[in-house]
Amino acid sequence: MDCFIGVDFGGTSVKLGVITGEGLILKKNIITIGSGDSFEKIMHPVSEWVQSYLKNNGKDGVKAIGIGTPGFIDKRTNILISGSENVPALKKHSVANILSEKTGIPAYQDNDGTCAAAGESVFGNGINYSDFVMITLGTGIGGGLVLNGKVYRGSKGFSGEIGHICLDPNGIWCNCGSRGCFEQYASGPAIVRNYANKLLKRGIVADEEITPEYIFVRAKSKDEIALEVIEEAGYRIAQAFGTLLNVLNLEAFIIGGGISRSGNMLLPVINKYLPDFVWPQLKENVEVVIAKLQNDAGIMGAAAMAYERLNN
Ligand SMILES: [Zn+2]
């Protein structure tokens, strides 16, 4: 049975999994890392786990290894060029090249947004579409593109920075150096900030810590401020989607990331405002759906990316 190893680097942990070509998870593991850890310190347990799996289960079944990380990864060299602020040790290195050298198995590295798009395309709700954009709503907004049935990476491999589409040149400053980026209006921290500001202006004190989940729970019980915050985030998502639709003539948008778990409330808002930002012809039959892959999206996406790159 053909398998793929998926490795997903986050700010505090590395998740690993062995996944069959049909999307079944055979084995998985989590390794905790520290933000100040050196590249060697992070790589050692990752490499040990992969090699120990291959030793115990045989090499033949594993066709490729996929690695998803934050940052900009050069698609020709698999080297992370910049942008991995939460795991700075990965910069100027290639996890893929090291794992490939140690195992003799092809390994590929891609941005986690691109991996998420590959994951939905191969194992998730993207199976039904040949042209879609994936967005991941979480601490930031990431994304990936599938065009003509293939993952699109751009000239160097840096495409998919959907969170930094400018929605308002006079808007909120972003950590990328620009103003009014999409990420500043619809990411988890942006929604929390908007809700907290609205409470502050009305002299209301929240009865617990404000998180995106809390806001969605409040909205379900008809908290007007929470509903307003979701309305405003949905409006901005529609604005970004309209821009993408006009350029790319897509069939669908798939929304993943932490916030998508409570994202059903966002869908009607996005659909309500989408016509305001797109040519009517390009809006016809476009579907906005929540990602199928949730808890294991990181390792599934990395494995799917390896599958996709091996076969293209
Ligand atoms: Zn930005």
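Predicted model only: the values in this text are computed from it and were never measured. (Residues numbered from 1 in each chain as written. Predicted model: local features only at pLDDT ≥ 70, side-chain atom pairs only at ≥ 80, totals over all residues.)

A. Fine view of the pairing of strand E1 (residues 3-9). With 7 of 7 residues buried, E1 is to be regarded as a mostly interior element. Of the two faces of E1, the one lined by Cys-3, Ile-5, Val-7 and Phe-9 and the one lined by Phe-4, Gly-6 and Asp-8 are each fully buried. Pairing of E1 with strand E2 (residues 13-20), which is carried by 7 bridges, proceeds in the antiparallel orientation. Across the sheet, residue Cys-3 finds its bridge partner in E2, namely Thr-20. Between E1 and the antiparallel strand that follows it, E2, lie 3 residues. (Buried ≥ 20, exposed ≤ 12 C-beta atoms within 10 Å, placed from the backbone. Helix = DSSP H or I, 4+ residues; strand = E, 2+ residues; numbered from the N terminus. Pairing = 2+ DSSP bridges.)

B. View of the sheet that holds strand E10 (residues 150-152). The mixed open sheet is built from 5 strands, whose spatial order is E10-E9-E8-E11-E12. Each end of this open sheet is capped by a strand with a single partner; those strands are E10 and strand E12 (287-290). Strand-to-strand twist of the sheet, defined as the mean angle between neighbouring strand axes without regard to direction, takes the value 25°. Sheet topology note: the strand E8 (residues 132-137)/strand E11 (residues 252-256) ladder contains 5 bridges and is parallel. Note on E11: the bridge partner recorded for Thr-136 is Gly-256. Along the sheet, helix H3 (residues 112-123) contacts E8, strand E9 (141-147), E10 and E11; its crossing angle with E9, the most-contacted strand, is approximately 50°. (Axes fitted to C-alpha atoms, helices over the stretch in contact; angles between N-to-C directions. Contact = placed C-beta atoms within 7 Å.)

C. Spotlight on the sheet that holds strand E4 (residues 62-69). Strand order in this open sheet of 5 strands is E3-E2-E1-E4-E7, and the pairing throughout is mixed. Each edge of the open sheet carries a strand with a single partner, namely strand E3 (25-32) and strand E7 (107-111). With direction set aside, neighbouring strand axes in the sheet form an average angle of 15°. Bridge count between E1 and E4: 6 bridges; the pairing is parallel. Following the sheet pairing, Val-7 is matched in E4 by Ile-67. Each of E1, E4 and E7 is contacted by helix H2 (residues 95-103), which is oriented at about 165° to E7, the strand it contacts most.

D. The environment of Thr-136, seen in detail. Residue placement: Thr-136 occurs in strand E8. Exposure remark for Thr-136: the 29 C-beta atoms within 10 Å place this residue in the buried category. Taking C-alpha positions, Thr-136 is 9.2 Å from Ala-117, a pair spaced 19 residues apart along the chain. Beyond its immediate chain neighbours, meaning those up to four positions away, Thr-136 contacts Gly-113, Ala-116, Ile-141, Gly-142, Gly-143, Gly-256 and Gly-257.

E. Region of the structure containing unusual backbone geometry. In this structure, Asn-78 takes a positive phi of about 65° despite not being glycine. Within the element layout of this structure, Asn-78 appears in the loop between strand E5 (72-73) and strand E6 (80-82). A positive phi angle is found at Lys-222, which is not glycine, with a value near 65°. Residue position: Lys-222 is located in the loop between helix H6 (212-220) and helix H7 (224-248). For Lys-222, a count of 8 C-beta atoms within 10 Å puts it in the exposed group.

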